[in-house]
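Read off the chains here:
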Amino acid sequence: MSIQEKELQSVNIVNGVDVNHVVNAVEAFSENEELANFKFRLTNKWIDGGHNHSTITSCFGASQENTHDEPFELNSDVHPVFAGKDRGASPPEHFLNALASCLTTTLIYHAAVQGIKIHELESEIEGDIDFRGLLGVNDQVRKGYENIRVSFKVKTDSQNIDKLEELATFSPILDVARNGTNVDIIIEQK
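Conventions and cut-offs
Going along each chain's sequence as written, the residues are numbered from 1 onward. Restriction of local features to residues with pLDDT of at least 70 applies here, the model being predicted, together with a cutoff of 80 or more for giving and counting side-chain atom pairs; totals for whole chains, interfaces and linings are based on all residues. Note: side-chain values were computed over all heavy atoms of the structure, leaving out hydrogens and water. Secondary structure elements follow DSSP: runs of H or I of four or more residues count as helices, runs of E of two or more count as strands, with numbering from the N terminus. Here, expected helix span is obtained from the residue count minus one, scaled by 1.5 Å. Here's how the labels work: a residue is buried when its accessible area is under 20% of the maximum for its type, exposed when over 50%, partly exposed in between, all with a 1.4 Å probe on protein chains only. Between N or O atoms, a polar contact is any pair within 3.5 Å; within protein, one atom must be a potential hydrogen donor and the other a potential acceptor, and residues adjacent in sequence are included only when both atoms are from side chains. What pLDDT expresses is the predictor's confidence in each residue, scored from 0 to 100. Buriedness for pockets is judged along seven lines, at least five of which must meet protein on both sides within 12 Å for an open set on the 1 Å grid over protein atoms alone, while cavities are sets there where a 1.4 Å probe fits but cannot get out, and lining residues have an atom within 4 Å of a point. Grid points are joined across faces, edges and corners, and a volume is the space filled by probe spheres set on the points. Polar here means any residue other than Ala, Val, Leu, Ile, Met, Phe, Trp, Tyr, Cys and Pro, which are nonpolar, and Asp, Glu, Lys and Arg, which are charged; Gly is therefore polar.

## Brief notes about helix H2 (residues 19–31)
Right, so step 1: If you check H2, its first and last C-alpha atoms are 18 Å apart, about what 13 residues at 1.5 Å a residue would give, namely 18 Å.
Right, so step 2: Regarding H2, the residues found buried are Val19, Asn20, Val22, Asn24, Ala25 and Ala28.
Right, so step 3: Its side-chain oxygen placed 3.2 Å from the backbone nitrogen of Asn20, Asp18 serves as the N-cap of H2.

Structure follows, in structure tokens:
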């Protein structure tokens with residue numbers, strides 16, 4: 001039975017999430033590990049100075065190409081204090097957005113599957129970067145974030161708080177931030 005066929009059996013919406021769809025996907029991924037292999041990608045083009053533009057059109061997963069209804073466009077630039085023109089969020093801000101968004105989505109989905117109702121959820125996130133590392137001024141200083149703090153405010157039953165802290169650890173972006181990941185860089189002549 002396909003994921004779509006299983007979806008039609010019944011609808012169970014918690015926190016805006018179709019729990020049956022998620023449970024059926026988990027079951028399908030458990031039965032066929034090839035379905036669970038996803039590739040996320042985007043294209044990026046430099047515009048001028050610190051300004052560059054990314055386009056996201058699709059990802060590969062569940063053994064098929066999954067095209068977005070419309071491409072997602074993201075601009076990145078540098079703050080004027082670093083001679084940027086402020087035409088988009090800076091790369092470190094995009095990273096914080098990815099972390100906050102992934103933590104939020106992870107919490108909402110895992111809570112829904114476990115029947116935990118969340119009425120409101122918001123977060124604040126802040127990270128510390130010492131630009132002496134990035135600028136090569138001091139090779140003893142890390143180039144990236146030295147510390148990131150995430151604070152959630154949630155409206156739910158009080159007995160759910162400890163469980164939500166545990167569920168947040170399933171976030172893939174949190175995993176990358178905490179454990180790092182291999183990044184291969186290839187530069188070719190155009």
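Still more ground to cover, so stick around.
## Quick look at the confidence of the model for the chain
Low pLDDT marks stretches whose predicted atomic positions should not be read closely.
Right, so step 1: Within the chain, residue pLDDT values average 94, and 95% of them lie at 70 or more.
Right, so step 2: Of all the helices and strands in the chain, helix H1 (residues 3–7) carries the lowest mean pLDDT, 54, while strand S7 (residues 120–128) carries the highest, 98.

## Concerning the layout of surface pockets
Right, so step 1: When its volume is computed, the largest pocket comes out at roughly 2100 Å³.
Right, so step 2: Taken together, 46 residues make up the lining of the largest pocket; nearest its centre are Phe38, Phe40, Cys102, Thr105 and Pro172.
Right, so step 3: Those elements giving two or more residues to the lining of the largest pocket turn out to be H1, strand S2 (17–18), H2, strand S3 (39–40), strand S5 (51–61), strand S6 (64–76), helix H3 (91–113) and helix H6 (172–179).
Right, so step 4: With 10 residues, H3 is the largest single contributor of residues to the lining of the largest pocket.
Right, so step 5: Counted by class, the lining of the largest pocket contains 22 nonpolar, 20 polar and 4 charged residues.
Right, so step 6: In this structure, the second largest pocket encloses a volume near 1400 Å³.
Right, so step 7: What lines the second largest pocket is a set of 44 residues, and nearest its centre among them are Phe95, Leu96, Tyr145, Ile148 and Ala177.

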